[in-house]
Amino acid sequence: MERQKRVAAIHDISCFGKCSLTVALPLLSAAGLETCCIPTAVLSTHTGGFTGYTYRDLTDDILPVAHHWNSLGLDFDAVYTGFLGSEEQTEIIARVIDTVATEDTMVMVDPVMGDDGKLYPVFSHTFPAAMRKLCARAHVIVPNMTEAFLLLNEPYRHGPYTEKEISRMLDGLAAICTGKIVLTGVHFDETSLGAATYDPETGAKEFVLRERINGFYHGTGDVYAGTLLAALMCGFSLHDAAAAAADYTVLSIATTKKMDKDLRYGVNFEYNLPTLMRMLGRNEE
Ligand code: PXL
């Protein structure tokens, strides 16, 4: 049997609303990965559309967890970060990477900061600069269009976009992060939606577009990023991993749409986990 890969996922726990760790852990486990986590905060719900949520900050616990892991001699095939509660946490995560990552560890940063042209209200206007520094440490970044504009320090522009415009944005992001780039929320018309990828090793810029399903479903960025990492860890190329992530996100949205649920409650990604395992080739082992 092949050696089991080990991943560290560093996000908040939103106790209700399916995002961050409650999405990352099951997806990565379904991919057969040993999944460890560092919770950065515990909230009663995510912040997207709910009010009155509780927020327990765990900033002081993050580095001690990493130091303890280090004392045990644990090594990691990937470190994956998402929603971080403060600028201070972005600096602490850089120190976690220094502590637990080796030269063989893939660092994936999802620079969770906003959506639909808006910075999430929990973040100050100086947060994107701090996130930019963390992206510089990554081998893979997965910004959505809002986050890409924030990282580039440019005003947001609604799509549809042109290929030239997306190519220019990928070049700008490549100046911030020398790793692979997967830009989500890309569309050239109103009927499709997907991602653009840039691989600095080959210089290839590619697009993965799928039919758009209307409606804003919360947590889909986390389903996309978790599946992307799962596929990369299973040996998929950047383009194939971006395609698998798009397919699985669309499948999760389509399943949710049939159930007519509150869009804040997150998508039903659980129903199709057996399909994800097949997509990742896990049933053939
Ligand atoms: O899905 C991104 C996310 C993660 N964690 C928390 C959030 C959000 C987006 O709103 O509020 C706490």
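Residues numbered from 1 in each chain as written. Predicted model: local features only at pLDDT ≥ 70, side-chain atom pairs only at ≥ 80, totals over all residues. Heavy atoms only, no water.

(A) Spatial organisation of the pattern of salt bridges. In the structure shown here, the tally under the stated rule is 13 salt bridges. Its salt-bridge partner being Lys-205, residue Asp-171 comes within 2.8 Å of it at the nearest N-O pair. Highlighted residues: Asp-171 in helix 6 (residues 163-176) and Lys-205 in strand 11 (residues 204-211), separated in sequence by 34 residues. Classification of Asp-171 as partly exposed rests on a relative accessible area of 42%. Linking Asp-199 and Lys-180 is a salt bridge whose minimum nitrogen-to-oxygen distance equals 3.8 Å. Remark: Lys-180 occurs in strand 9 (residues 180-186) and Asp-199 occurs in strand 10 (residues 192-199); sequence separation between them is 19 residues. The buried category is assigned to Asp-199, whose relative accessible area is 13%. (Salt bridge = Lys/Arg side-chain N within 4 Å of Asp/Glu carboxyl O. Helix = DSSP H or I, 4+ residues; strand = E, 2+ residues; numbered from the N terminus. Buried < 20%, exposed > 50% of the residue type's maximum accessible area, 1.4 Å probe, protein only.)

(B) Structural detail: the sheet that holds strand 5 (residues 106-109). Taken in spatial order, the nine strands line up as 3-2-1-4-5-8-9-10-11 in an open sheet, and their pairing is mixed. The open sheet has two edge strands, strand 3 (55-57) and strand 11, and neither has a second partner. Here strand 2 (residues 34-45) runs beside strand 3; their pairing, made up of three bridges, is antiparallel. By the bridge assignment for strand 3, Ala-41 is matched with Asp-57. (Pairing = 2+ DSSP bridges.)

(C) Looking closely at the side chain of Ser-192. Mapped onto the elements of the fold, Ser-192 is located in strand 10. A relative accessible area of 12% places Ser-192 in the buried class. Those residues in contact with Ser-192 that lie beyond four places of it in its chain are His-187, Leu-209, Arg-210, Glu-211 and Arg-212. (Contact = heavy atoms within 4.5 Å.)

(D) Local environment of the site of the ligand. If you check the shell around the ligand, you find 13 residues, and the closest are Asp-12, Ser-20, Thr-47, His-218 and Asp-222. Thr-47 is positioned such that a nitrogen or oxygen atom in its side chain is 2.6 Å from an oxygen atom of the ligand. His-218 places a side-chain nitrogen or oxygen 3.2 Å from an oxygen atom of the ligand. In isolation the ligand exposes 310 Å². Once the protein is present, 97% of that is buried. Taken together, the residues of the shell around the ligand sort by class into five nonpolar, six polar and two charged. (Near = heavy atom within 4 Å. Polar contact = N/O pair within 3.5 Å; in protein donor to acceptor, adjacent residues only side chain to side chain. Areas by Shrake-Rupley, 256 points an atom, 1.4 Å probe, with all protein chains shown as cover. Nonpolar A, V, L, I, M, F, W, Y, C, P; charged D, E, K, R; others polar.)

(E) Spatial organisation of helix 6. Along its 14 residues, helix 6 runs 20 Å from first to last C-alpha, staying within 8% of the 20 Å computed at 1.5 Å per residue. Here helix 6 has its buried residues at Glu-165, Ile-166, Met-169, Leu-170, Leu-173 and Ile-176. Axial view of helix 6: buried residues confined to an arc of 140 degrees, hence all on one face. When the buried face of helix 6 is taken as reference, the exposed residues oriented beyond 90 degrees from it are Glu-163, Lys-164 and Ala-175. (Expected span 1.5 Å × (residues − 1). Arc of directions from axis to C-beta.)

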